[in-house]
Amino acid sequence: MTDQKPLLSVRDIKVYFNLDEGTVKSVDGVSFDAYEGQVLGIVGESGCGKSVTMKSILRIVEPPGKIMEGQVLLSKRDHPDEYLDLTSMNEKGKEIRAVRGGEIALIPQEPMAAFSPVHTIGNQIIEAIMLHCDVNKKEAREICIQSLKSVGMSMPEKRVDSYSWQLSGGLRQRAIIAMAIAGNPRLLIADEPTTAIDVTTQAQILKLLKDLQRERGMSILFITHDLGVIAQMAQYVVVMYLGRVMEKGPVDSIFHDPKHPYTQALLRSIPSAQKTTKIKLPTISGSIPHPFNKPKGCPFHPRCAYAIKGKCNVNLPSEYIVGDQQYVSCFRYEKSEVNIR
Amino acid sequence: MASYIAKRLLVIPLLLLVFSIVIFFLIQAPPGDFMTTYSAILAGSGSSMDNEQLNLMRVDYGLDKPMHIQYFRWMGKLLHGDMGLSLLYMLPNTKLIGDRIGLTVLLAFFSFILSWLIAIPAGIFSATHKNSIGDYFFTVINYIGVAIPNFFLALLLMWICYDLWGLNLVGLFSPKYEMAPWSWAKIGDLLSHIWLPSLILALGGSARLTRIMRANLLDELGKPYMITGRAKGMSEWALVMKYPVRLAINPLVSTIGNYIPQLFSGSLVVATVMNLQNIGPLLLQALSMQDMYLSGSILLVYCLLAIVGTILSDMLLVWVDPRIRME
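Here the structure is a predicted model, which means the values were calculated and not measured.

Cut-off values and rules
- Residue positions are given per chain, counting from 1 as you read along its sequence in written order.
- Chain letters start at A and ligand numbers start at 1, both assigned in the order the entries are written.
- Only residues with pLDDT of 70 or above have their local features reported here, since the model is predicted, and side-chain atom pairs are shown and tallied only from 80 upward, although totals for entire chains, interfaces and linings are computed over all residues.
- Side-chain numbers here rest on the full set of heavy atoms in the structure, without hydrogens or water.
- Working definition: helices are DSSP H or I runs of at least four residues, strands are E runs of at least two. Numbering for both runs from the N terminus.
- The quantity called the radius of gyration is restricted to C-alpha atoms. Its globule counterpart is 2.2 Å times the number of residues to the power 0.38.
- Each residue is assigned to one of three classes by its accessible area relative to the maximum for its type, calculated with a 1.4 Å probe on protein chains only: buried under 20%, partly exposed between the two thresholds, exposed over 50%.
- Contacts between residues were defined by any pair of non-hydrogen atoms, one from each residue, lying within 4.5 Å.
- Surface accessibility follows the Shrake-Rupley procedure with a 1.4 Å probe radius. Residue values consider only the protein chains on display as shielding.
- A positive count includes Lys and Arg, and a negative count includes Asp and Glu. His and the chain ends are not counted in either.
- Where a charge lies is defined by one atom per residue type, namely NZ (Lys), CZ (Arg), CG (Asp) and CD (Glu).
- For two strands to be treated as a pair, DSSP must find no fewer than two bridges joining them.
- Axis definition: a line fitted to C-alpha atoms, over the contacting stretch in the case of helices. Angles run 0 to 180 degrees between N-to-C directions.
- Among buried residues, the Ala, Val, Leu, Ile, Met, Phe, Trp, Tyr and Cys ones that are joined through side-chain atoms within 4.5 Å form a nonpolar core.
- Expected span, for any helix, means 1.5 Å times one less than how many residues it has.
- To get the bend at a residue, fit one axis to the 7 residues ending there and another to the 7 starting there, then take the angle between the axes.
- Note that the domain bounds were set by an automatic or database domain assignment.

Undergrad: With reference to specific residues and values, describe the overall build of chain A.
TA: The secondary structure content of chain A amounts to ten helices and twelve strands. A compact globule built from 341 residues would reach a C-alpha radius of gyration of about 20 Å, and chain A, at 21 Å, matches this within 12%. Dimensions of chain A, computed from C-alpha atoms along their principal axes, come out at roughly 65 × 50 × 45 Å. A burial count over chain A gives 55% of its 341 residues as buried. In chain A, the share of contacts with a sequence separation of at least 24, taken over all contacts with a separation of at least 6, comes to 62%. Accessible surface computed for chain A: about 15900 Å², of which carbon and sulfur atoms make up 50%. Distance from the positive charge centre (42 side chains) to the negative charge centre (37 side chains) of chain A: 5 Å.

Undergrad: Tell me about the overall build of chain B, and name the residues and values.
TA: When helices and strands are tallied, chain B shows 16 helices and zero strands. For chain B, the spread of C-alpha atoms along the three principal axes comes to 85 × 55 × 40 Å. Expressed as a percentage of the 327 residues in chain B, the buried residues total 46%. Intrachain contacts of chain B at a sequence separation of at least 6 include 73% that bridge at least 24 residues. A total accessible area of about 16700 Å² is found for chain B, and carbon and sulfur atoms account for 71% of it. Here chain B carries 21 positive and 18 negative side-chain charges, and the mean point of each set is 12 Å from the other.

Undergrad: For the sheet that holds strand S5 (residues 83-85) of chain A, give the residues involved together with the corresponding values.
TA: Residue and element names in this part refer to chain A. Spatial strand order, S2-S1-S4-S5: four strands in an open sheet with antiparallel pairing. Where the open sheet ends on each side, the last strands, each with one partner, are strand S2 (22-34) and S5. Adjacent strand axes in the sheet meet at a mean angle of 10° when their direction is disregarded. Note: strand S4 (residues 65-75) against S5, three bridges, orientation antiparallel. Following the sheet pairing, Ser-75 is matched in S5 by Tyr-83.

Undergrad: Quick rundown of the nonpolar core? Include the residues and the values.
TA: Counting 79 residues, the largest nonpolar core has Trp-116, Met-274 and Ile-298 of chain B as its most contacted members. Among the elements that line this core, the one with the most residues is helix H5 (residues 93-128) of chain B, at eleven residues. Excluding residues that lie within four positions of it along the chain, Ile-298 of chain B makes contacts with Ile-97, Ile-279, Leu-282 and Leu-283 of chain B. Ranked by size, the runner-up nonpolar core spans 59 residues in total, among them Val-151, Phe-222, Val-229 and Ile-284 of chain A.

Undergrad: With reference to specific residues and values, describe the side chain of Asp-135 of chain B.
TA: Along the chain, Asp-135 of chain B falls in helix H6 (residues 133-147). With sequence-adjacent residues up to four places away left out, Asp-135 of chain B is seen in contact with Phe-125, Ser-126, His-129, Lys-130 and Arg-214 of chain B.

Undergrad: Help me get a handle on H5 of chain B, residues and values and all.
TA: With 36 residues, H5 of chain B should cover 52 Å at 1.5 Å per step; its first-to-last C-alpha distance of 51 Å lies within 8% of that length. Roughly 35° is the biggest bend found in H5 of chain B, and it falls at Ile-101 of chain B.

Undergrad: Can you lay out the domain arrangement of chain A for me, pointing to particular residues and giving the numbers?
TA: Domain annotation for chain A reports domain 1 (104-184) and domain 2 (262-333). Its C-alpha centre places domain 1 of chain A at a distance of 41 Å from the equivalent point of domain 2 of chain A.

Structure, rendered in structure tokens:
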């Protein structure tokens, strides 16, 4: 994997929201690479900047949010060694609009409201197809029906003319996935795609995503707060806390050999089916600080059992290499080599 | 759908019956009757009529009977399509109203179209450029539009038009077409006059509509389907016009029903000020002279138009919103 060039490279991206009350640093220096055919999981509590990171990749951060620094690089389809700099593009321009849906597609957070209720799902999927493929309306409708079929929707010829509110939660999510893959993208960003649906349907949707990824050789950027889903889906995991990457590494290393105190605490707080003893589930002490007064230094230090006074509350730790492809932002590992790129 | 419309249409006679009772007793509420007003006017002009004569006329017109008898006589005629006689003009009310109803509906229709043509683009601009100078500009214009009584606006605009361009925009026709039979030239003349009263009537309504449109659209612009649309690669303009604007107009359609009576009552004073030959001035005169059958008939016609307008707006809403259509 090391010699492979990444499909998408997010480099030290910073997204700030300038509000009257102050500046919210939603994403404050996030870097990761996504490779072809890989499922990359981004995990973190709500408000840690997962969704804003996703929006900054597509350049759809809503005002007053602004990308202050950093780069999002996407390899070109025909020349994988060359990269498009998405951050330098005009937010409303043609270039970035060709990327959206055509190269990177989104499965949004709320399947309930992701479709317009007064247009049929077919109308909205066909629109996505016609934006990225050079086809007429009739051909686009055919592609749309094929796409609905490929996400396992029964009676696609009939369902294409239904409205989103006529479909069940699971079917609606399938329709959204059909819309996302209709433009034949190389990267799919799934922003908590299973949060709003019940567990049985959730399992079906996860299986569908995995199958599609395998068949089409797509990459998936899977955003969730559910560690169980991450363990099941992802090959590589990025752990975020308060707008920063705490730790990232292959899924096995993250789950079996977590290095960062935050990752360790997070994994400790998952209830286990094997443990029979009735002990209280450990929680992470304290609560997430308010975004306006983010702590200085490492954002996790007020809740960290290993915090070193005079260090963790003053300086930001660099990213240290602690294993094969495993990096951690913590002063406990400062003897290790620094990850420079 | 057909059964829904049929149901709505069947309720119309019942509604009209209720309205006719309310209207009739409201008109009778002021003290005196047509004869008292009539003799007062005669006295004012120097001549007079003695009580005996007045009472004879009262018996003639049935004004001496108790109120409910008068109502049933009126109703009985109405059921035969006869709206009775205007005491003031000594003409059948059906003819008086019939002569003017066309222009009344036409004026209301033009004002309605104009108010939407003004309100929707202004509302879209204000919402998409929230808190910009342009938004504040429209907001100020809107508040002025709501605050200025439209008859005053009518006087102001008539004066400006006359002062600047020498346009005499009183009435709906130039003097030479006033009595002429209908022709293309007369229609052209009408169109060259009707825009000003339409605009004046539209401004008050469009101010409110713009605010509603702005608020609806601001709601819609924050909806998750906007993120879906952007992530698809749609241009912002195409996205705004296709989804949120479409959805923001739906609630606006449901306001049409309330807007129609407003248009009629607004046109009453404006039409009187501008000397328009629609029903407005006729109603004002009938009310002040206590010409009860004429004013009652006009108000009943207004009610009918408002009911029909509400049904039309409900049908329009069913047509534009599939969520209602499929229930």
